[in-house]
Amino acid sequence: MDERAAVDLNLANWDERAAAHAAPGTGYVLEAYVEDPHKISDVVAFDRPRLGDLRGTRGVHLQCHLGTDTLSLARLGARMTGVDFSPGALHHASALASRAGAEIDYHRADVSDGEAVLAAVGAARYDLVYTGIGALCWLPRIADWARLVADLLVPGGRLLVRDGHPALLALDQDRTDGELVLAFPYFERPEPTVWDEPGTYVETDHVFTHTRSAEWNHGLGELVTAVLDAGLQVTGLAEHRSIPWQAMAHMVEVPSADGAGEWALPGEAADRVPLSFTLQATKP
Ligand SMILES: C[S@@+](CC[C@H](N)C(=O)[O-])C[C@H]1O[C@@H](n2cnc3c(N)ncnc32)[C@H](O)[C@@H]1O
C-alpha cells in the first residue's frame, strides 16, 4: 500500500475513534479529569519517577489523542503543547483542557511528516518530547521520527517515549490458548501490516465505518539506532513486563508501584517477553 494512502487510512480510522473514545463512560473517562483537578493519567503516573520535576519546563506531546496524558503532564508543572493529525481528537483535547482550566496549545499535523510538525509549532522548541502508548506503530520510518524529536528539542532537552514493545507487536495477539507465537514483522518494513477490525480498545456501542488501519513495527535496535543517529544521547532504556492495555485475552491486571492499572502475561510467561519499554534520551 502507498504510504500516503496508509496514513490517510489511519487518519480516517483515528478520527472516528476519537469521538467514540471521548463519549462519557469509555475507558478515557474525561469527566474524571474535570471533577478531580489533581488527577493524573495512569500512563503518565507509570513513568512519573522517570519524568522527574517538570515544573517550569516546556513540553510537546506527539500523537496526543484526547489529551489526557498532555493534561497530566501540564498538571505536573510543564507548559504543554499537543500534536495530533486527527481534528476530532484535537477538538476533544482542547475542550478537556479548557474544562479543566489548563492552558495547552494544540496543533494539527501529521507526525510522519517532520516538516509539517515543525511548521505547525512554529518557532517553539521544547525541554521535553513525550509520546507513546500506541504511537510509534502509526509512523512508517522511525529514523524520520527521531530526527523530528531532535529538531523539536532545545539543547539539554530530553525525550521520554513509552510504547508497546516491538516484540509484543510481532506476536499473534488474537491467540486464546496462551501460546506466544511470532506472526508479524519485528523489524521495520516499507509495507505496513493492514488490519481490518470492527471495534476499538475501549467499550463502545459505536458502529465503526473506518475499520482499516496500517501499522509499521520498529525493532528496539532500530529505535535506539535512530535516536543515536539523530544526535541524541540515550540515558535510559527499561523493558517492562506490563502494558496499559489488555493486549491478549489471557493477560491479567497487575497494580504498578504507583497504583496505575497495567496488564501482564500470567505466571512464568511474564518473564518470556517484554510488553512495553521506556526510552529516554537527551539532546547535547
Ligand atoms: C493510541 S493514541 C496514543 C495517545 C495516547 N497514548 C492515548 O492513548 O491517549 C494514537 C494517536 O496517534 C494519532 N496518530 C496516528 N497516526 C498519526 C500521525 N501520522 N500523525 C499524527 N498523529 C497520529 C491518532 O490520531 C491518535 O490520537
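In the block above lies the structure referred to throughout.
Since we're looking at a predicted model, the values are computed, not measured.

Rules and cut-offs
Residues numbered from 1 in each chain as written. Predicted model: local features only at pLDDT ≥ 70, side-chain atom pairs only at ≥ 80, totals over all residues. Heavy atoms only, no water. Helix = DSSP H or I, 4+ residues; strand = E, 2+ residues; numbered from the N terminus. Buried < 20%, exposed > 50% of the residue type's maximum accessible area, 1.4 Å probe, protein only. Arc of directions from axis to C-beta. Contact = heavy atoms within 4.5 Å. Core = buried A, V, L, I, M, F, W, Y, C linked by side-chain atoms within 4.5 Å.

Enquirer: Is there a simple way to explain unusual backbone geometry in this structure?
Expert: Glycine aside, residues mostly have negative phi angles, and peptide bonds mostly take the trans form. The phi torsion at Q63 lies on the positive side, around 60 degrees, for a residue other than glycine. With respect to the helices and strands, Q63 occurs in the loop between β1 (58-62) and α5 (68-75). Phi angles above zero are rare outside glycine, and I133 is one such case at about 50 degrees. Following the sequence through the fold, I133 ends up in the loop between β4 (126-132) and α8 (142-152).

Enquirer: Would you take a moment to explain helix α10 (residues 220-229) for this structure?
Expert: Residues spaced three or four apart along an α-helix point in a common direction, a consequence of the helix completing one turn every 3.6 residues. Three or more residues of α10 are buried, namely L220, L223, V224, A226 and V227. Buried positions in α10, seen along its axis, are confined to an arc of 160 degrees and lie on one side of it. Against α8, β5 (153-164), α9 (166-169), β8 (233-240) and β12 (276-282) lie the buried residues of α10. Of the residues flanking the end of α10, it is G231, one or two places downstream, whose phi is positive at about 95 degrees.

Enquirer: Would you mind showing me how to read the nonpolar core here?
Expert: The biggest cluster of nonpolar side chains holds 33 residues, and the ones touching the most others in it are L62, W145, L152, L223 and V227. Mapped onto this core, the elements with two or more residues apiece are β1, α7 (114-121), β4, α8, β5, α10 and β12. The element best represented in this core is α8, accounting for 7 residues. Those residues within four positions of L152 in sequence are excluded, and the remaining contacts are V60, L62, V117, L118, V121, R125, Y126 and V129.

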